[in-house]
Amino acid sequence: MSDDLIWAEARRWRAHLDASNGTDPNELTLRILKITEEAGEAAQAWIGVQGQNPRKGVTHTVDDVVGELADVVFSSLVAIASLGADPHQAVTAVVQKASGYLE
């Protein structure tokens, strides 16, 4: 899969959500909150990897955590696109900024 598909899918999902749910401020808020929901699922999966809940024991794998973290990333890309910004440019800017910290 090319990286172009990632950015195209973020835009395609934004268009789908726009058509299905509209673009009012409440909808945009919910798209941003979706990131928090996905982050919570990643945290839950990590707790499951660690077996932190004695009643449940080990319930997840590291692959589960990776999948949930990827959901966080994709939800973030869709939210960025929903705000009218280019997700590729936004991520590139963050990576460029971060690269300067490790010189």
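Caption draft 1: Fine view of the layout of surface pockets. Here the largest pocket is characterised by a volume of approximately 210 Å³. Per-element tally for the lining of the largest pocket: the top contributor is helix 2 (residues 25-50), with four residues. Of the residues belonging to the lining of the largest pocket, the class tally is five nonpolar, two polar and three charged.

Caption draft 2: Structural context of the environment of His88. Tracing the chain through its elements places His88 in helix 4 (residues 87-99). C-alpha separation for the pair His88 and Val66, spaced 22 residues apart in sequence, amounts to 21 Å.

Caption draft 3: Here's a closer look at the packing of helix 2 against helix 3 (residues 62-82). Relative orientation of the contacting elements helix 2 and helix 3 amounts to 170°, with a least axis distance of 8 Å. The orientation of helix 2 with respect to helix 3, classified from their angle, is roughly antiparallel. Two secondary-structure elements touch here, helix 2 through Leu28, Arg31, Ile32, Lys34, Ile35, Glu38, Ala39, Glu41, Ala42, Ala45, Trp46 and Val49 and helix 3 through Val62, Asp64, Val65, Glu68, Leu69, Asp71, Val72, Ser75, Ser76, Ala79 and Ser82. Tallied by class, the residues present in the contact of helix 2 with helix 3 amount to 13 nonpolar, three polar and seven charged.

Caption draft 4: Broad picture of the packing of helix 1 (residues 3-21) against helix 3. Here helix 1 crosses helix 3 at 60°, and the two axes come no closer than 8 Å. By crossing handedness, the relation of helix 1 to helix 3 is classed as right-handed. In this structure, helix 1 uses Ile6, Trp7, Glu9, Ala10, Trp13, Arg14 and Leu17 to contact helix 3, whose residues at the interface are Phe74, Leu77, Val78, Ala81 and Ser82. In terms of residue class, the contact of helix 1 with helix 3 is built from nine nonpolar, one polar and two charged.

Thresholds applied
- Residues numbered from 1 in each chain as written.
- Predicted model: local features only at pLDDT ≥ 70, side-chain atom pairs only at ≥ 80, totals over all residues.
- Heavy atoms only, no water.
- 1 Å grid on protein atoms, 1.4 Å probe; cavity = no way out; pocket = protein on both sides within 12 Å on 5 of 7 lines; lining within 4 Å.
- Points joined across faces, edges and corners; volume = space filled by probe spheres on them.
- Helix = DSSP H or I, 4+ residues; strand = E, 2+ residues; numbered from the N terminus.
- Nonpolar A, V, L, I, M, F, W, Y, C, P; charged D, E, K, R; others polar.
- Axes fitted to C-alpha atoms, helices over the stretch in contact; angles between N-to-C directions.
- Parallel < 35°, antiparallel > 145°, perpendicular 65-115°, else oblique.
- Contact = heavy atoms within 4.5 Å.
- Left-handed = near helix turned anticlockwise from the far one by under 90°.

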